[in-house]
Amino acid sequence: MWLILCPKSRFLPTVDDIPPEHHALVPSFMGGGGKRIHPLPFPDSNIPVQPRSMDPSKDLAAYGYGSVAWKERMESWKQKQEKLQMGRSNGGDKVWDNKDDESDLPLMDEARQPLSRKLPFPSSKINPYRMIILIRLVVAGFFFHYRITNPAKDAYPLWLISVICEIWFAVSWILDQFPKWLPIERETYLDRLSLRYEKEGQASQLASIDIYVSTVDPMKEPPLITANTVLSILAVDYPVEKVSCYVSDDGAAMLTFEALSETSEFAKKWVPFCKKFNIEPRAPEWYFQQKIDYLKDKVHPSFVKERRAMKREYEEFKVRINALVAKAQKVPEEGWTIQDGTPWPGNNVRDHPGMIQVFLGQSGGYDIDGNELPRLVYVSREKRPGFNHHKKAGAMNSLVRVSAVLTNAPYLLNVDCDHYFNNSKAIREAMCFMMDPLIGKRACYVQFPQRFDGIDRHDRYANRNVVFFDINMKGLDGIQGPIYVGTGCVFRRQALYGTDAPKKKKPPNRTCNCWPKWCCCPGGRKKKAAKAKQEKKRSSSKIAENGAPAYALEGIKEENGTEKPYTTAEQKLEKKFGQSPVFVASTLLDNGRTLKGATPASLLTEAIHVISCGYEDKTDWGKEIGWIYGSVTEDILTGFKMHCHGWRSIYCVPSRAAFKGSAPLNLSDRLHQVLRWALGSVEIFLSKHCPLWYGYGGGLKWLERMSYINATIYPWTSIPLLAYCTLPAVCLLTGKFITPELSNVASLWFLSLFICIFATGILEMKWSGVGIDDWWRNEQFWVIGGVSAHLFAVFQGLLKVLAGIDTNFTVTSKAGDDEDFSELYTFKWTTLLIPPTTLLIVNFVGIVAGISNAINNGYESWGPLFGKLFFSFWVIVHLYPFLKGLVGRQNRTPTIVIVWSILLASIFSLLWVRIDPFLPKSDGPLLEECGLDCN
């Protein structure tokens, strides 16, 4: 909401139908027609103010223009402006040093404006979409009334199965559609963020942030990819003293450790090059691969020379990394050893101590120009047999504790090892929401969309997932916020600690409409000062001189040779967070503060302690704190718990993509990725955290609950989808159909439903900007994944929950060969391919059988055949990308595919012969003897 200045009322809302640039208080020279009101804290007295013409129907009612009170306010405002102008002319910027004067700065100053704003979609685009949803609901009601009251008596089982499937599809559509009811977009103002928190001549007041990079297997997640991600983090456009990068190596691989050491050395050359020439992206592999004019907007005379030198440096860096990878291919019998001859602690991946190595830091990390570099820390948590380490969720919780002990930034950002910073200002984009005093306090995280490199032009397997990221997530942002997708997300640390969101406070009951933080009234200032004094007194009782809470110190001090006993409150905190007084102390410190009296050595010792295997025993970690355990898709579960605590999340889509990653290219890897996601949803559905019954009475909104129900129930759609895709072939082989002969009224309902389905898709693409190609690929892969990966996920989830049979997943490969899209046609046989392959063959056989039957039985058989053929072609068209992936390149069809095809074709050929398709059916024309003797 745009705000204007009033001497007694700091914030007054504008009238919605008056554009900000047309307000009476905004002079014409302030730049009308733009999206922002530019700062003008000290207007030039030589430039005359030219107010716009007033609209009495709006301005008089909204502002009381011309009244005595208005004139008094304007006179007061002019006096303050003159005072500020005199202070600037006499003392330069000294006027800014006076806190009272600073509090009286006009709100038209850009630094006092909101850091972001919502951009609802135009009503001309969204209202027709809402109307067609309601119309489709009505049409669906009449359609199901007809379907239920008019069974196909000659094919009752087929009719019953089809009706059950259609009802399930309708419920799934409702769960998917209604969370899109209020889509919004957002706009950020990075210049205002800088003006507010980065004043010239003063230390930056931007919040600190800890960035987490997770990796497991360097053989499947190449170290060069991880190194590029780390380099893009170290070169990010953010104050270096505010950034810390933590790399979690859950595989305890010496290859990752050595690659990170090489990366820290190369960063001393790469980071100053990026910042000097302001290049994008700041991951060298992807920067040097760009097929664009790299001289555009680069006017520095030494740019070309330094770029060539840096490219040579990077090629040498790649050679060193590849040499490490080649060396790691063959593990010595005695295991790896470090330089001093001692064995590498992580030789046994399942049994090794915790390891922490600080490669770069505020005390010793400097680039070649002598400038400070962000902190870079390698972390490998302890692994012991007999302990449940909870995979990625456990690794992330270890990083939360380590970072709290070492840096304790109030905000956290987690990215996968293959998701590099494509936009160096991504952190600033997130801080426009998190540090906004109006909306930031109730935001638990800012989620960025996932964007990908290296995907084929046609996106055959819907890797971009555009419909989800550009339609569903924008719809959720208008309700309570997007769900957490596992990477590219900035968290509030306190939200991860399981605290409830602050309640929405109403403005105090005063004669003015001032907000407490910027209240300019005498009474408001007194209340603000009293509140600050009370908070200071409360904090001083909690915090000792060295920055640690008093009770935390009591736990480590001894009096008369005995340790002082804990109080009940102290026991609760230790039971919640674990047996670490230093970590518990950090949870009570805000704004990135750390313990003042602790030495680096003692902090590292404590950091090793908090990543031990038994630290989380009998605590709330993974239950109410941090990443939540219980599912392989810990991201959905973690975001769900936060929303249940009343937090809201924010969806940030910058004009330049914040992060980019790599996606699986071939069909097998893509299906395994989808299988993992679907299995996680099944686990959540069968757990106590199921959105159907968990979190009532909290802060979860009902439309947000519908979206979470849809996110956990969608794999179960695979069962009716498989049945529905099999029905066309059964109908063609048996000569029966799922509906009786249609009347004119029934045809009307069928036609109306199809029109509504197409209209919904068209209007959805119109307001979201998603292209028809992306939308259609998403529809195709919904069927492909539904009859393969989702189906297996349901059965594996049931086995895991009911029988305790766990399924281990391999990490998806993150890189391909040198040739573009070399893995697109790589075929890896897996059981996930059996159901779609069978469906394709069954429907092809059914089409041949149906056509031959119609040819054999005469003209009247062609009418009912068209409906069955349309039904079968619908299945084949949706499975067409799967068919292309199955066949692969010319003359490269795998032998196993040929064997399976021949086997299945033989089975259905025998069924075809058993059905006798060439003999006349009872419902066909009667054949009589012609009376001619052919002999």
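Conventions we followed
- Residues numbered from 1 in each chain as written.
- Predicted model: local features only at pLDDT ≥ 70, side-chain atom pairs only at ≥ 80, totals over all residues.
- Heavy atoms only, no water.
- Helix = DSSP H or I, 4+ residues; strand = E, 2+ residues; numbered from the N terminus.
- Buried < 20%, exposed > 50% of the residue type's maximum accessible area, 1.4 Å probe, protein only.
- Contact = heavy atoms within 4.5 Å.
- Areas by Shrake-Rupley, 256 points an atom, 1.4 Å probe, with all protein chains shown as cover.
- Salt bridge = Lys/Arg side-chain N within 4 Å of Asp/Glu carboxyl O.
- Axes fitted to C-alpha atoms, helices over the stretch in contact; angles between N-to-C directions.
- Parallel < 35°, antiparallel > 145°, perpendicular 65-115°, else oblique.
- Left-handed = near helix turned anticlockwise from the far one by under 90°.
- Nonpolar A, V, L, I, M, F, W, Y, C, P; charged D, E, K, R; others polar.

A. Spotlight on the overall build of the protein chain. A count of helical and extended segments in the protein chain gives 30 helices and 17 strands. With 935 residues in all, the protein chain has 50% of them scored as buried. In the protein chain, 79% of the contacts between residues at least 6 apart in sequence involve partners at least 24 apart. Entry remark: accessible area of the protein chain is about 45,800 Å², with carbon and sulfur atoms responsible for 58%.

B. Local environment of the pattern of salt bridges. Applying the stated criterion across every chain, the model contains 27 salt bridges. Of the charged contacts, one joins aspartate 210 and arginine 493 as a salt bridge, the two residues approaching to 2.9 Å between their closest N and O atoms. Taken as a pair, aspartate 210 in strand E5 (residues 209-215) and arginine 493 in helix H14 (residues 493-496) lie far apart in primary sequence, 283 residues in all. Taking relative accessible area as the criterion, arginine 493 reaches 2% and is therefore assigned buried.

C. Local environment of the environment of arginine 192. With respect to the helices, strands and loops of the structure, arginine 192 is situated in helix H6 (residues 190-197). A relative accessible area of 1% means that arginine 192 is categorised as buried. Remark: the alpha-carbon pair of arginine 192 and arginine 112, spanning 80 residues in sequence, is separated by 7.8 Å.

D. Spotlight on the packing of helix H4 (residues 123-149) against helix H5 (residues 156-177). Between H4 and H5, the least distance of the axes is 12 Å, while the angle of their chain directions is 165°. Relative to H5, the element H4 is oriented roughly antiparallel. Where H4 crosses over H5, the two elements pack in a sense that is left-handed. Judged by residue contacts, Tyr129, Ile133, Arg136, Leu137, Phe143, Phe144, Arg147 and Ile148 of H4 engage Trp159, Ser162, Val163, Glu166, Ile167, Ala170, Trp173, Ile174 and Gln177 from H5. Across the contact of H4 with H5, the residue classes break down as 12 nonpolar, two polar and three charged.

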